[in-house]
Amino acid sequence: MTSAVEAAAGSVLWSQGVLGLCAVVGPGGSVRLGAPGQDWDTLLPLVEITATGHGRTWSGERFIDTAIGERLAHRGHRTVQDGEWQRTTITLADPVTGLAAEVSLRTCPGAGFVRSQVRLVNEGGAPLRLESVSSLALGGLADGALDGLTLHWADNDWLAECRWRQAPFRDQVVRLSRSAHGHEGRGCFERCSQGSWSTGRHLPVAALTDPAGRAWLWQIESSAGWRYETGEREGAAYVALFGPDDAHHQWRQLLAPGEEFSTVPATLAGAGTGGLDAAFGQLTDCRRRIRRAHPDHTALPVIYNDYMNTLMGDPTTDKLLPLIEAAAAAGAEVFVVDAGWYDDDAQGWWDAVGAWEPSGRRFPGGIQRVLDAVREHGMTPGLWLEPEVVGVRSPLARTLPPEAFFRRGGVRVTEHGRHHLDLRHPAARAHLDRVVDRIVGEWGVGYLKLDYNINVGPGTESGEESAGAGLLGHHRAHLDWLGAVLDRYPRLVLENCGSGGLRMDYAQLAVTQLQSTSDQQDPLRCPPIAAAAATAVTPEQAAVWAYPQPHFAPDLVAFTLTGAMTGRVHLSGFLDRMDRERFDLVRTGLAVYKELRAEIPDSLPFWPLGLPAWEDSWIAFGRRGTDADWLTLWRRSPAPGDDADDSTRTVPLDHLRGARLTPTLLYPATADATAHWDAAHGRLTVSLPRPGTAVLLRLDGRAPLPGRED
């Protein structure tokens with residue numbers, strides 16, 4: 001531990017060479033994060049905190065320039081090696097409130113990312129009510145060059161996930177002529193979550209880029225409220241990342257003397273060149289390092305799920321048995337019986353769920369007959385479950401204690417016919433443990449699709465606890481429960497689903513193995529979601545639906561299969577009703593996927609045509625490997641006003657310029673695709689003569705991976 005006396009003004013406490021950042025002690029012991037040699041006034045305090053009675057020094061929409069943040073002074077720091085991670089902890093103290101802050105900065109040698117989390121301890125003599133706490137705050141970005149910055153953010157919605165947008169920084173943070181009035185602006189560009197769908201409105205991921213190819217990319221790891229802001233401060237850009245706060249999430253945390261609170265983690269990734277692609281490569285590397293180890297991350301089995309555009313929550317033994325046989329023949333390795341397997345209620349199952357017992361009416365011989373059939377066909381059986389809810393008509397709504405449910409104002413919360421369990425309560429957790437032990441331990445199910453189909457609002461209140469604090473408490477208990485389930489059943493695979501991709505954050509994804517990326521049922525609407533999914537989740541965790549149908553034209557059968565090969569194949573569709581031509585297209589596609597899937601867990605994503613827009617006619621997604629690249633291209637019908645003759649597209653691949661390679665068509669052979677490589681200019685020209693077709697190409701030829709030394 002280094003004392004405050006030893007760390008004089010100007011001392012560097014921590015540095016990260018790839019990101020070009022360091023933590024420096026300034027006048028009065030304040031610690032700030034920024035580039036070496038940066039103008040001190042452009043930087044932010046290492047932690048920004050508002051508390052009741054201790055607000056900001058400049059009022060507005062920003063949650064920076066806080067009184068406590070300005071007072072926090074260096075008290076000590078230490079650096080330790082924790083496996084592959086290097087962790088520096090910087091301790092700060094506020095002489096007025098007695099609040100101590102421990103800022104943990106974690107990175108890996110040679111990596112282009114830092115993960116930050118803050119632990120607060122009330123060492124004073126009076127209670128302190130927190131209203132916002134930053135997980136990471138830094139300024140001094142693009143000092144004096146804000147006109148060239150571009151801001152990137154992602155909107156998210158049910159059926160329309162991962163829709164990236166960009167705008168000049170100055171379109172969102174306008175020039176205010178500060179010299180004329182001597183003050184900073186009061187506003188900022190911000191995005192935040194609302195309620196318990198962490199990605200119901202936006203992804204907790206955004207970026208700034210400059211014309212030279214430098215990129216700063218961030219993510220917040222929370223299912224219980226998050227917010228980021230960026231703006232201008234002293235002529236430079238700043239970024240501040242938060243978990244839940246009072247203004248946006250009804251979060252307040254009362255810290256009595258001796259009590260502590262830890263923020264949600266946040267990660268900053270970046271690259272000096274290469275723009276967003278290089279930064280997403282760094283973030284992908286970080287995501288792989290922070291998640292729980294599991295064999296599924298490298299095995300990548302093909303999953304058949306009976307729901308999408310198929311049984312749609314109406315499974316029976318008679319309907320499932322032919323699907324099981326056909327899925328196995330096509331090459332599936334996991335078979336999941338989705339919603340409805342428990343439905344024995346004459347009034348419908350939606351508001352009666354909770355016990356998770358199999359339906360005798362749907363499975364006259366017992367559900368074991370179906371599960372055994374899955375195993376007999378060489379596949380792992382899986383089931384759908386929505387563990388956090390109890391239907392209002394379920395007997396459990398009356399037998400579990402009132403304290404086991406979300407409540408506000410003393411009234412149990414009801415949303416869309418469901419109550420919400422609070423997994424901090426032992427009765428709620430014991431109930432779910434019994435369910436999982438029966439399904440997994442007794443029935444032998446090896447895969448659980450965990451869905452989440454309600455937005456329960458700001459959270460749950462109890463005594464002096466705020467609704468947002470209750471939601472954060474439940475969220476952390478939920479993660480602990482998921483971890484404990486995997487401790488008991490280490491090979492069990494957990495899929496994270498929230499009405500598709502509405503809870504797609506790395507708090508959940510650091511524990512669960514897969515992410516459902518969307519519920520989109522139109523195969524022609526899936527490509528922009530499939531192509532952009534790797535911005536939110538590693539490719540090997542990104543489950544994309546492929547639902548070929550007997551009535552689909554062969555081009556459309558191949559189109560939906562090709563999109564799913566970008567990450568994890570979630571196969572569906574009435575395969576048992578297909579003719580030989582269509583079934584062979586499915587079987588061939590899965591065989592190709594199995595040949596290439598071993599390369600996915602070490603590959604890094606890139607987007608040679610840029611991140612896709614919702615209506616783009618041509619979409620491209622690539623993965624860079626150590627020995628080859630893979631490129632998926634979709635051609636849809638042109639948008640209104642676009643050129644109708646759109647059959648050829650030139651794709652820039654600057655990182656392969658000069659490489660001697662031959663594009664190899666992997667799938668499908670029926671699209672009549674052609675590809676020509678121009679090595680001198682690093683351009684690949686691809687022709688897809690018909691709209692509604694797609695192609696998967698392998699590009700053999702070595703090229704260095706961004707951020708790695710080969």
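See the structure above.
Residues numbered from 1 in each chain as written. Predicted model: local features only at pLDDT ≥ 70, side-chain atom pairs only at ≥ 80, totals over all residues. Heavy atoms only, no water.

### Digging into the pattern of salt bridges
No. 1: Following the criterion strictly, the structure yields 50 salt bridges and no others.
No. 2: Note that Arg-582 is salt-bridged to Asp-579, the shortest N-O span being 2.7 Å.
No. 3: Take Asp-579: its relative accessible area is 38%, and that puts it in the partly exposed class.
No. 4: Sharing partners across several salt bridges, the network here consists of Asp-314, Lys-319, Asp-343, Asp-344, Arg-361 and Arg-362. (Salt bridge = Lys/Arg side-chain N within 4 Å of Asp/Glu carboxyl O. Buried < 20%, exposed > 50% of the residue type's maximum accessible area, 1.4 Å probe, protein only.)

### A few points about the environment of Asp-41
No. 1: One can find Asp-41 in the loop between β3 (31-34) and β4 (49-51).
No. 2: Along the sequence, Asp-41 and Gly-275 sit 234 residues apart, while their C-alpha atoms lie 27 Å from each other.
No. 3: Beyond its immediate sequence surroundings of up to four residues, Asp-41 is in contact with Arg-233 and Glu-234. (Helix = DSSP H or I, 4+ residues; strand = E, 2+ residues; numbered from the N terminus. Contact = heavy atoms within 4.5 Å.)

### Remarks on the environment of Leu-72
No. 1: In this structure, Leu-72 sits in the loop between α1 (67-71) and β5 (73-82).
No. 2: Remark: the alpha-carbon pair of Leu-72 and Gly-29, spanning 43 residues in sequence, is separated by 7.8 Å.
No. 3: Among residues more than four places away in sequence, those in contact with Leu-72 are Gly-29, Ser-30, Val-47, Ile-49, Leu-92, Ala-93, Asp-94, Leu-99 and Ala-101.

### So, the packing of aromatic side chains
No. 1: Taken as a whole and assessed by the stated rule, the structure comprises 18 aromatic pairs.
No. 2: Taking the centre distance of 5.0 Å and the plane angle of 55° together, the rings of Trp-153 and Phe-189 count as tilted. Taken together, the residues Trp-153 in strand β10 (residues 150-155) and Phe-189 in strand β12 (residues 189-192) connect sequence positions 36 residues apart. Each member of the pair, Trp-153 as well as Phe-189, carries the same accessibility label: buried.
No. 3: A centroid spacing of 5.1 Å and a plane angle of 45° characterise the contact between Trp-251 and Phe-261, whose relative ring orientation is tilted. Taken together, the positions of Trp-251 in the loop between α4 (246-249) and β17 (253-255) and Phe-261 in strand β18 (residues 260-262) put the pair 10 residues apart, joining distant regions of the chain. Of the two residues, Trp-251 and Phe-261, both sit in the buried class.
No. 4: Among the aromatic side chains, those forming a connected cluster through ring pairs are Trp-341, Tyr-342, Trp-349, Trp-350, Trp-356, Trp-384 and Trp-443.
No. 5: Sitting above the plane of the Phe-405 ring, Arg-412 keeps its charged end 4.0 Å from the centroid. (Phe/Tyr/Trp six-rings, centres within 6.5 Å; stacked < 30°, edge-to-face > 60°. Lys NZ or Arg CZ within 6 Å of the ring centre and 35° of its normal.)

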